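# Coordinate inspection notes
Chain residues, written in single-letter form:
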Amino acid sequence: MSVYAELVCRSNFSFLRGASHPEELVATAARLGMQALALTDADGLYGVVKAHLAAKEHGLKLILGTELTLTDGPPVVIYAMDSAGYANMCRLVSASRMSHPKGEAGLPWRELAERSEGLIALLPNPAPAEQVAPLAEAFPERFFVGLCRTLSAGDKAREAQADALARSLGVPLCAHNDVHTHHRRRQPLQDVLTSIRHKTTVDKAGTRLQPNAERTLKAPAEMARLFRDRPELLERSLEIAGRCHATLDDLRYHFSEEDLPPGRTAMQHLRVLTDEGLAVRYPSGVPPEVHKQIAHEMNLIEALDFPGYFLALWDIVHFARSRGILCQGRGSAANSAVCYALQITAIDPVRMGLLFERFLSMERKEPPDIDVDFEHERREEVLQYVYEKHGRHRAGMVCEVICYRGRLALREVGKALGLSLDQVDRLSKVSAAYGFDVTPEVLAEAGLSAFDSRVRQTLTLAQDIEGFPRHLSIHVGGFVITREPLVELIPVENAAMKGRTVIQWEKDDINALGVLKVDLLALGMLTAVAKCFQLIRQHFGRELSLATIPPEDPKVYDMLCEADSVGVFQIESRAQMSMLPRLKPRTFYDLVIEIALIRPGPIVGNMVHPYLRRRDGKEVPTYPTPEVRAILEKTLGVPLFQEQAMKLAMVAGGFTAGEADGLRRALGHKRAEQLLEPYRIRFVEGGVKRGYSQEYMAELFEQFRGFAHYGFPESHSASFALIAYASSWLKCHYPQAFCAALLNSQPMGFYAPHTLVADAKRHGVEVRPVDARCSDWDCTLEEGGVLRLGLRMVRGLGEAAGRRVAEARGQGYASVGELARRARIPRHELTRLALAGALASLCGSRRQALWEIQALGPLDEDDLFFGLPMDGTQVELPPMSVAERVEADFETVGLSLEKHPLELLRPALRKLGAVSAEGLKRVASGRRVAVGGMLITRQRPPTAKGMCFISLEDETGIANLVVPPDVYERCRRDIHGALFIVGEGVLERTGKVLNVKTQRVLALEGLLG
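Structure report, in brief. (Residues numbered from 1 in each chain as written. Predicted model: local features only at pLDDT ≥ 70, side-chain atom pairs only at ≥ 80, totals over all residues. Heavy atoms only, no water.)

Each helix and strand counted, the protein has 46 helices and 22 strands in total. Over its C-alpha trace the protein gives a radius of gyration of 33 Å, about what one expects of a compact globule, namely 30 Å for 1009 residues. Taken along its principal axes, the extent of the C-alpha atoms in the protein is 90 × 85 × 70 Å. Expressed as a percentage of the 1009 residues in the protein, the buried residues total 57%. For the protein, restricting intrachain contacts to residue pairs at least 6 apart in sequence, the fraction spanning at least 24 positions comes to 70%. Of the accessible surface of the protein, which amounts to about 41,900 Å², a share of 51% is contributed by carbon and sulfur atoms. (Helix = DSSP H or I, 4+ residues; strand = E, 2+ residues; numbered from the N terminus. Rg over C-alpha atoms; globule rule 2.2 N^0.38 Å. Buried < 20%, exposed > 50% of the residue type's maximum accessible area, 1.4 Å probe, protein only. Contact = heavy atoms within 4.5 Å. Areas by Shrake-Rupley, 256 points an atom, 1.4 Å probe, with all protein chains shown as cover.)

Here's what the structure looks like:
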């Protein structure tokens, strides 16, 4: 029979202080026969949900606890006896963290004493009685002194101190083992973590390391032998465990329900807002099928008690639109007619036949998932609105746990083990290519010895530390909003970013406990679209919005069929541009298909080529039943979307809606292969019972497996297609405004500014350079639709200085000195303007501008002679060559309007027999060819079986290389190390899509000497 419960136990969620995952600790405690385990990470409940779920799986009692840092006393471990104790624990942790910068904690003992209700306290290590006595008084009959026998020097002295302290306070002693690992074999990793925390090496860490591996989970029998002279100390651990009944299963979460009109419940108010929204969405009358769907959704929302969630989203979206902030909901929320009526989403799910159960299900009873995208430059306004409206005690962002991965794991472990920085760099580069299983030959090639014990141990321990929490960050947009104080439900702490507070649980944790979050996300393209609308309004007098962009414009689809989509949302990648001429989109739904098709799921599930063959009329789709036809006809018999998989599971396999959603979730789980087998058997057998052939059902399920790699909801694809179409329309009809808006919204998108500008010029847009006499901070349009580059393009020029240049300009500047004096620009930023050519209109050339800057007096803010010329010497400076100017342009602005670098290299490329991107169009398919250019994209997706895809830009356009795995390995150094490369191989032509299947890739610099 178990006679011991471990009460002091750190996991790796104590951040570099514990060397085991919460799940490992729980599983080991259960295996060892412990009656209970307390997870007591430092100043937080970060890992408690994972421990809770594991404890339920293994049938182990989990005690909710934490170790609190006191600013005026020793650390104290507290345990929650009941719900009141848990609420106090969360408040104490929140107070401790919120009163300190991110990563630090501490609170005075009086604050702990004031919130001691429902808590048991244990002093893990003896301390002076005068520091502890006040605390012991605050916990009558609930204070214990801990005793740990670590089989190391000092044990007897510590035990004597603990005995004396317990006697002086009149409190009992309790045994614990100060656990840091679930198994002794983790001790080397524990030592490495300690060294990383102290920024030293294991060799130099000294007494900061634990003297042995005894601070590990021990079986009750082992603890009994260790404390055979004092068995009552072990029994006391069971006494404490028996008094702790708090569990996360008792958490009661309610979404905030504020600002309700008098006399209305949340559900009544939601119905009113939905009816008002339906009148806007359907001005000619609401179709009967929409009324039916709304009624179905409303019944479910009421039954699951989610009206506050929808009201909060409506309120946030309403606020954003009132401020002119572009926003749009996406994801599975677009399956909801209520979300459409409330104008949270822009897709009519009834008209598109979307499956509501993908969003919300009575069987699943899980929180709905609503994602809303906002302009990325204005999202902070929305986030601060939520904080201000609900208060920081009831609203907090979801955290994201940043974990050790790949190179970072190797670098930190290697440094802790004493490898040199050079060795660590070489090892991390090798591992990036080969993973942790590196052969001796590969190590030798990198200049490392496979027989070096530190190298071998670095690889081993880096693999162990993979996935360990390193620190907390902020989730991309998840917000938790509560009716009750959030700080009594989940601990809250400061984020590194000013004005942000985060909860200590990540999204999987809150989902597991049914805590609702709203996802307020940032989308760069919405910023670009909003800025484009503004430019069109200002320069062309046309008022546009996402809702008023003319639909189904043939010119837009003509443009996309030519793969002319640089800068367009979602369909600008190399793979999408290769697909566009093959898919030949002519309708909005074609874009929905296009966006969904180039995803790992359809690619792995072998859905792409069958769909294209059927679209081209080379293959006729067949449907075994009318029910299956109704589901798959719009995708030509190929299941591309999660909703289709769910519908097929229900119609063909006989699944309930809840079971179908369970299949969807299993497909997306990291252990999909193991979880899917029961569903496969159930699906195939269910289909056979309904008259489908076993072969057909098995084939369908194999296609479903593709979703295990990444399945796309149809609603999500449709939401993205709306923005893809809008950005395509803007590029087609207002290319100058579209390019300016993209440049003003950087960083974002797939391509660098030089590619965006080169593309705009190919579309007939005149582009003028940065000029201190003409440029604003942003890129602007001048008379005739000419695009003027803005001062924001100058690297090294701060925004404040750039805006001062524009604001102080007035009627213009007469000289560099006048600009410096009026705009108060320091010398180093003036120099950046000069190198960028932005001062050439004031003094003739870049070198002349630099000379004049050096001749100016002091450029310190308070100097009386700020910017006055101190040297009138005139010199004749030699002009820069074209190559020098182009190089300076790219170094300072990131692009050159004078020449593309490849124009300068073209004579040499001709001697090498390399054609241009435009010249590729005149090469016959199957012919050997060489093409050179500036490398602008390089991709090696995991679904491509080792293939690497490279895009090269030259003065005529973009050429695409397909690099097979063997060529990639042979030419890896040039592919990753060179800016200008030449690819040699065979031209492949599929319709209008051209690729060079490369047999050799060489750095152009090397070929030119």
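Next comes the rest of the description.
As a further point, take empty space enclosed by the protein. Enumeration according to the criterion identifies three cavities of 30 Å³ or more in this entry. The space that makes up the largest cavity amounts to roughly 80 Å³. As for the largest cavity, its lining consists of Val-566, Gly-567, Lys-731, Pro-735, Phe-738, Cys-739, Leu-742, Leu-756, Asp-759, Ala-760 and His-763. Among the elements of the structure, helix H35 (735-744) and helix H36 (753-762) are those that each provide at least two residues to the lining of the largest cavity. Among the elements that line the lining of the largest cavity, the one with the most residues is H35, at four residues. Space inside the second largest cavity adds up to approximately 40 Å³. (1 Å grid on protein atoms, 1.4 Å probe; cavity = no way out; pocket = protein on both sides within 12 Å on 5 of 7 lines; lining within 4 Å. Points joined across faces, edges and corners; volume = space filled by probe spheres on them.)

Moving on, we come to the sheet that holds strand E2 (residues 61-68). An order of E1-E2-E3-E4-E5-E6 is seen for the six strands of this open sheet, with the pairing classed as mixed. This sheet does not close on itself; its edge strands, each paired only once, are strand E1 (36-39) and strand E6 (173-175). Recorded for the sheet is a direction-independent mean angle of 35° between the axes of neighbouring strands. Against the sheet, helix H3 (residues 83-98) touches E2, strand E3 (76-80) and strand E4 (119-123), its axis set at about 30° to E2. The strands touched by helix H6 (residues 155-169) are E4, strand E5 (143-147) and E6; relative to E5, the strand with the most contacts, the crossing angle is about 165°. (Pairing = 2+ DSSP bridges. Axes fitted to C-alpha atoms, helices over the stretch in contact; angles between N-to-C directions.)

On to the pairing of strand E8 (residues 371-375). Among the five residues that make up E8, five are buried, leaving the element largely enclosed by the rest of the structure. Summarising the sheet, E8 and strand E13 (residues 518-523) pair through five bridges and their orientation is parallel. If you follow Asp-371 over to E13, its bridge partner there is Asp-519.

A cis amide bond links Gln-746 to the next residue, Pro-747, at an omega of 0°. Mapped onto the fold, Pro-747 is located in the loop between H35 and H36. A positive phi is found at Lys-584, a non-glycine position, where the angle reads about 55°. Mapped onto the secondary structure, Lys-584 falls in the loop between helix H24 (574-583) and helix H25 (588-597). Its relative accessible area of 41% is what places Lys-584 among the partly exposed residues. A positive phi angle, close to 55°, is found at Arg-824, a residue other than glycine. Position of Arg-824 relative to the elements: it lies in the loop between helix H38 (816-823) and helix H39 (827-835).

Among the secondary structure elements, Arg-351 is positioned in helix H15 (residues 349-352). In sequence terms Arg-351 and Glu-289 are 62 residues apart; their C-alpha atoms lie 9.3 Å from each other.

This part covers the nonpolar core. Formed by 132 residues in total, the largest nonpolar core has its most connected members in Phe-143, Phe-310, Ile-370 and Trp-505. In terms of residues, this core owes the most to one element, helix H13 (residues 307-322), which gives nine residues. Counting 104 residues, the second-largest nonpolar core is a separate cluster that includes Leu-535, Val-592, Met-748 and Cys-779. (Core = buried A, V, L, I, M, F, W, Y, C linked by side-chain atoms within 4.5 Å.)

Before going further, it helps to spend a moment on the sheet that holds strand E16 (residues 786-788). Strand order in the open sheet formed by three strands is E14-E16-E15, and the pairing between neighbours is mixed. A strand with exactly one partner marks an edge of an open sheet, and here the two such strands are strand E14 (767-768) and strand E15 (780-782). Alignment of E15 against E16, held across three bridges, turns out to be antiparallel. Paired with Thr-780 across the bridge in E16 is Arg-788. H35 rests against E15 and E16 of the sheet, and its axis sits at about 15° to E16.

To continue, consider helix H22 (residues 524-540). Compared with the 24 Å implied by 1.5 Å per residue over 17 residues, the 24 Å span of H22 between its first and last C-alpha is a close match. Of the positions making up H22, those classed as buried are Gly-524, Met-525, Leu-526, Thr-527, Ala-528, Val-529, Ala-530, Lys-531, Cys-532, Phe-533, Leu-535 and Ile-536. On its buried side, H22 packs onto strand E7 (327-330), E8, E13, helix H34 (714-733), H35 and E15. Immediately downstream of H22, the backbone of Gly-541 shows phi near 65°, a positive value. (Expected span 1.5 Å × (residues − 1).)

Counted by the stated rule, this structure contains 59 salt bridges. Measuring nitrogen to oxygen at the nearest pair gives 2.6 Å for the salt bridge that ties Arg-10 to Glu-67. Taken together, the positions of Arg-10 in the segment before helix H1 (22-31) and Glu-67 in strand E2 put the pair 57 residues apart, joining distant regions of the chain. For Glu-67, a relative accessible area of 12% gives the class buried. Residues Asp-249 and Lys-56 are paired through a salt bridge, measuring 3.3 Å at the closest nitrogen-oxygen approach. Linking Asp-249 in the loop between helix H10 (231-243) and helix H11 (266-281) with Lys-56 in helix H2 (residues 48-58), this pair joins segments that are 193 residues apart in sequence. A relative accessible area of 38% means that Asp-249 is categorised as partly exposed. The network of salt bridges with common partners includes Arg-149, Glu-159, Asp-163, Asp-229 and Arg-230. (Salt bridge = Lys/Arg side-chain N within 4 Å of Asp/Glu carboxyl O.)

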